[in-house]
Amino acid sequence: MASSRRLRRMAASQPGFLTLKPSSDPTDLVGGRRKRVNKNKKKNWNKFSDITDVEEFLEDVRHQERTTGGLLSEKSDDGLFFVDLGQADKAEQKAEPDEGKKRKGKSTRPLRIDLILQGDSCIPPPKDVLAYQKPNAKKLRRIAQKAEQLAAKGVVPRAQKKLLNRRLADRTVKKAVTEANNNPNRDYYDMWAQESKSPADPWYVLQTGKEQVKRPEKLNQKPSALPAVEVIAPGGSYNPDFLSHQALLQEAHEVEVKKKKQEDKLEKQLAVNREDKATAETALREEVEGLIEDEEDEETSPNKEDEEASGAAITVTEKKTERQRKKEKAEKRKEQQQLSVKRQTVQQQQLFQLRSIKAAIKQQEQQTKKRWSKRKEKQEAQKAQPRRLGKLKFQAPDLEVQLRDELAGSLRQLKPEGSILKDRFKSLQKRNLIEPRERAKFRRKLKVKYVEKRAFKEIT
Amino acid sequence: MGGLQKKKFERGAATNYITRNSARKKLQLSLPDFRRLCILKGVYPHEPKHKKKVNKGSTAPRTFYLLKDIRFLLHEPVVHKFREYKIFVRKLKRAYGKTEWSAVERLKENKPTYKLDHIVKERYPTFIDALRDIDDALCMCFLFSTFARTGKCHVQTIQLCRRLTVEWMNYVITSRALRKVFLSIKGIYYQAEVMGQLITWLVPYQFSHDHPTDVDYRVMATFTELYTTLLGFINFKLYHSLNLVYPPKVHVTMETLSSFLHGCKLFNKLSITGVKLSALSGSLARVVSTEEEEEAKLDQFPAEGEDVEKMEAREKEQKQLEAQKKLFDGLKIFLNREVPRESLAFIIRCFGGQVSWDKSVSIGSTFDVTDETITHQIVDRPNFDKQYINRYYVQPQWVYDCVNAKILLPVEDYFLGVTLPPHLSPFVEEKEGDYVPPEKLRIMALQRGEKPAQEQEEEDDEEEEEDEEEEEGGDDEVDEEEKAEEKNLKKMEEQKSQGKSLQVKVTPGKVRAENPARLEQEEKAEEKRLAIMMMKKKEKYLYDKIMFGKKRKVREANKLAAKRKAHDDAEKTKKKKARK
């Protein structure tokens, strides 16, 4: 302890020593009471000798060496201070950029921030022990030898193989992404040049970076038997033949009549029934309701109900006697016997009816066949029908028709009817390629609030 | 007792279907993206047989998909692209919101794109499969190519559609594949025969768009996206099958080049080849320049009986087809500015005619109005001032009707200011006994090479009526003669029954002119009668039924014909009155 104190004092007494931490004041230690301990044991020396100040000092020395590159006390004054000549410095700074413009070598000078951050520590970096000693060197050597052997055989390790594979895939992906799908100058090539049905079609892999997955069989069937383009009836010609035009008009007329009928039906259903309308009489009755009592009704009706209820309750089953039971049993047996006899005779009789039975069976078979064929026919017809694919049913578009006076005499004066875009869209719906939909209605989420603006006020 | 309890909706139909919403969730896509994916991959909704079972007891209307299809969609590489695109949009929106223009630019440069080549190959494993499904693609591309650039869809899509349709038309011209045209009030229907497949498509008239509001443009654009890819690959293959260069190049002579250059000044934006192509007036460059093509002849095999007839019919058809392909060969046709140029140029070139138009109408005109060798000029206005003597001035319908009739129709009916004969639909094929409009009958007669005897129609009505009567009578001639014979026989029998001795006389015999054709006919009729007599009861019943149906059809047709005649008469009297 004494030695440590001496050391400290020695250091403090040195002329140029500056401590970085001001806390290590010698007066602190005087204030604390010394603890008495046996000093005849080495253990206690270690335990109770106070070496903090020595350590602090050493730490401080190391700190100085680390940060400033040597003890501050040993440094010259020029290294620590500079003379602040405020005005002159600014002028210099201004002059510098001008020079910089002219000089090309400016870029070679390090930045000030780099200079500040540059460590000027004198302590060499600690040695990396692992650089000289390898843990598990023997094992690693053995692994390397094994790898060499495998490489000589031509076996590529799994990790490397994986990497190689990935690299290939990446390159293909980059190739595939070239230009937009709808680029008007895009080029095409012979796609159907080589047919390969295997899933690992190299062309497919090149395009997508994936193997092809088998397409379900059912996807290759068309959802409807209808043709893609349905040609308009001959009456739809721009200069139609009289009768075919009439036929088309008739068709359109029928559609309209059907529509009208449905509308009328709906109207009829929605109309108010005349009996439901209030007349003066019914209105009066309603007003007087409950004021005049129909005494007779009230009295008679509950009585009837009572009687019925009591009658139902009274019927009680009496127990059968033994004799009755025996009799019933005998009757039952007899009945069954009679039935069996009858059945037998009928069977015997049927032997003579063979021909008619055969005819009946034949007829039945014919009927089933007929029904079967009818059902098949219906199913075939269904294939050309639009299916119900969602909330809405398919609505057939209006027939394109021009009346006699709308028809143009020549191609120049022709006014096209209907829209082909709509026609195509409806055709897609009709062929079950897309489900019929309605345009989403605009619905305001937030309430509208009316505010009087300052610029304009309504006169009330 | 007895195993586990069976639960409802865990097997059978309920497990084969999936609702749209759950499918969407399974694929982790938004509804528009899901819809797009389904359209591209050809996965369509399916109506289950027992909806209640599939819908787990509920009867609410839902859209169902087959579960297997959705599972198949899970493997689609394009799905990732959709997700990428979604993220791209999000980033772009954010960049816009923060007004970071450099970020916007960078993002736009790296816009994620995808290709549908693999989907096309997957959906159409062979070329013929693709060709069979091309109707829709053509319709859609022709439709989109006529759209105005108003932001209803991408301008690029419109341009691509235009390019593809022009390529297609040029292919049809070079292969002379067009068969039928029909001008309807909706648009123009074309039918072509490409590699044995009949392909029909619909082209809208120019400038006829009002954009309907109840059409989902996004869906249509998605279909078009797929179809442009499909049509492009098909075009490539078709061009190569004809030994043509793809992308197409046009042979241009020196005369036309100047007009092209003149045009290109006007349309500076478009590339020169594209403009040349869309003019439809130049022939395409070939890989190996062989002008003469070997004409494939039908192989002849020695055949017997019915086969011979069939062969003959086929040969005849082939000949007719060849003739039709050269319909306008050697004609030089000039289009006036008021007629639909593209359609007419396309058709005339399809059948080997030369076509041109005014320089200021469109580029690519090959000769001038003043050219003395022009044979026809297509005009669609009531009168025309300066007329050349050595050419016909006809209305555009003449071209279309000629194509459908497969012969050059007389031009008189189509002259300037003349009321046109009706334009009949070539897509109607009449069966035996159906009503055939008189105009069609006339064309059929012309096809057979007969001259119609209706030229003095308007001058002498009465004569014409007599003619008609005669024509009608022609069919019944045979019957009348038979009736007369029967009458004679009956007389003789009566006399026999009355016990009178027949007056026996020897009269000098007359030499009956034997008509071999007539005899043959009679023989045939007799054979038929005998065959009918030999029929079994069951077959006879069926036969009678068929005949009855035929007769009924004929009766209906007659009714229609009578109606038509009444209408015509009424018109005629009206005209007469007006004249008076």
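Above this text is the structure in question.
Rules behind the numbers
- Residues numbered from 1 in each chain as written.
- Chains lettered and ligands numbered in written order.
- Predicted model: local features only at pLDDT ≥ 70, side-chain atom pairs only at ≥ 80, totals over all residues.
- Heavy atoms only, no water.
- Helix = DSSP H or I, 4+ residues; strand = E, 2+ residues; numbered from the N terminus.
- Contact = heavy atoms within 4.5 Å.
- Polar contact = N/O pair within 3.5 Å; in protein donor to acceptor, adjacent residues only side chain to side chain.
- Buried area = accessible area lost by both parts, 1.4 Å probe.
- Salt bridge = Lys/Arg side-chain N within 4 Å of Asp/Glu carboxyl O.
- Nonpolar A, V, L, I, M, F, W, Y, C, P; charged D, E, K, R; others polar.
- Pairing = 2+ DSSP bridges.
- Axes fitted to C-alpha atoms, helices over the stretch in contact; angles between N-to-C directions.
- Core = buried A, V, L, I, M, F, W, Y, C linked by side-chain atoms within 4.5 Å.
- Buried < 20%, exposed > 50% of the residue type's maximum accessible area, 1.4 Å probe, protein only.
- Phe/Tyr/Trp six-rings, centres within 6.5 Å; stacked < 30°, edge-to-face > 60°.
- Lys NZ or Arg CZ within 6 Å of the ring centre and 35° of its normal.

Q: What am I meant to see in the environment of Arg24 of chain B here?
A: All names here are of chain B. Residue position: Arg24 is located in helix 2 (residues 20-27). Residues Arg24 and Arg35 lie 11 residues apart in sequence; the distance between their C-alpha atoms is 9.1 Å. When neighbours within four sequence positions are excluded, Arg24 is seen to be in contact with Leu29, Ser30, Leu31 and Phe34. A distance of 2.9 Å separates a polar atom in the side chain of Arg24 from the backbone oxygen of Leu29.

Q: What should I look at first to understand the interface of chain A and chain B in this one?
A: When the parts of a complex come together, some accessible area is lost, and that lost area is often used as the size of the interface. With 78 residues of chain A in contact, the opposing surface of chain B contributes 108 residues. Of all residues in chain A, Tyr188, Trp192 and Leu421 of chain A give up the largest surface area on contact with chain B, accounting jointly for 11% of the area buried on that side. On the surface where chain A and chain B come into contact, there are 14 salt bridges. Put simply, chain A and chain B have 37 residue pairs in polar contact (both at pLDDT 80 or more) between them. The set of elements that each furnish at least two residues to the side of chain A that touches chain B consists of helix 10 (202-208), helix 11 (242-270) and helix 16 (420-430) of chain A. Among the elements that take part in the side of chain A that touches chain B, helix 16 of chain A stands out by supplying seven residues, more than any other. Residues that form the side of chain A that touches chain B fall into these classes: 35 nonpolar, 18 polar and 25 charged.

Q: Whenever I open this one, the sheet that holds strand 4 (residues 187-194) of chain B confuses me. Can you help?
A: Strand pairing in a sheet takes place through backbone hydrogen bonds and is either antiparallel or parallel in direction. All names here are of chain B. An order of 3-4-5 is seen for the three strands of this open sheet, with the pairing classed as antiparallel. Because the sheet does not close on itself, it has two edges, and the strands there are strand 3 (178-183) and strand 5 (197-204). Taking each pair of neighbouring strands and ignoring which way they run, the sheet shows an average axis angle of 15 degrees. Here strand 4 pairs with strand 5 via eight bridges, running antiparallel. Each bridged residue has a counterpart across the sheet, and for Gln191 the counterpart in strand 5 is Thr200.

Q: Which parts of the structure should I look at to understand the nonpolar core?
A: The tendency in soluble globular proteins is for nonpolar side chains to be buried side by side. Residues and elements named next belong to chain B. Of all hydrophobic cores here, the largest spans 133 residues; its most connected members are Trp168, Leu178, Trp201, Phe328, Phe346, Ile347 and Trp398. With 13 residues, helix 12 (residues 217-241) is the single largest residue contributor to this core. The residues contacting Phe328, other than those within four sequence positions of it, are Ile347, Ile348, Phe351, Gly352, Gly353, Trp398, Val399, Cys402, Val403 and Leu408. Phe88, Leu92, Ala103 and Val104 belong to the second-largest nonpolar core, a separate cluster that totals six residues.

Q: Is there a simple way to explain the packing of aromatic side chains in this structure?
A: Aromatic ring pairs are defined here through the distance separating the ring centres and the angle between the ring planes. Residue and element names in this part refer to chain B. Following the criterion strictly, the structure yields 26 aromatic pairs over all chains and no others. Aromatic pair Tyr171 and Tyr239: ring centres 6.4 Å apart, planes at 40 degrees, arrangement tilted. Of the two residues, Tyr171 is situated in helix 11 (residues 155-175) and Tyr239 in helix 12; the sequence distance between them amounts to 68 residues. There is no split in this pair, since Tyr171 and Tyr239 are both buried. With a centroid separation of 5.3 Å and an interplanar angle of 75 degrees, the aromatic rings of Tyr190 and Phe346 are classed as edge-to-face. Pair noted here: Tyr190 is in strand 4 and Phe346 is in helix 16 (residues 341-350), with a separation of 156 residues, a long-range link. Residue Tyr190 is classed as buried on the basis of its relative accessible area of 3%. Judged by its relative accessible area of 1%, Phe346 is buried. Taking NZ or CZ as reference, Arg36 lies 4.4 Å from the ring centre of Phe82, over its face.

Q: Where do I start with the pattern of salt bridges in this structure?
A: Side-chain pairs of opposite charge can arise whenever the charged atoms involved come near each other. Tallied over the full model, the rule gives 41 salt bridges over all chains. With a closest N to O distance of 3.1 Å, Arg62 of chain A and Glu59 of chain A form a salt bridge. In this pair, Arg62 of chain A and Glu59 of chain A both sit in helix 4 (residues 52-68), three residues apart, roughly one turn of the helix. Exposure remark for Glu59 of chain A: the relative accessible area of 30% places this residue in the partly exposed category. Glu522 of chain B serves as the salt-bridge partner of Arg518 of chain B, at 3.8 Å between the closest nitrogen and oxygen. Placement of the pair is Arg518 of chain B and Glu522 of chain B together in helix 20 (residues 516-533), with a separation of four residues, close to one helical turn. The partly exposed category is assigned to Arg518 of chain B, whose relative accessible area is 26%. According to the relative accessible area criterion, Glu522 of chain B is partly exposed, its value standing at 44%. Residues joined in a network through salt bridges with shared partners are Glu400, Asp423, Arg424 and Arg431 of chain A together with Asp136 and Lys186 of chain B.

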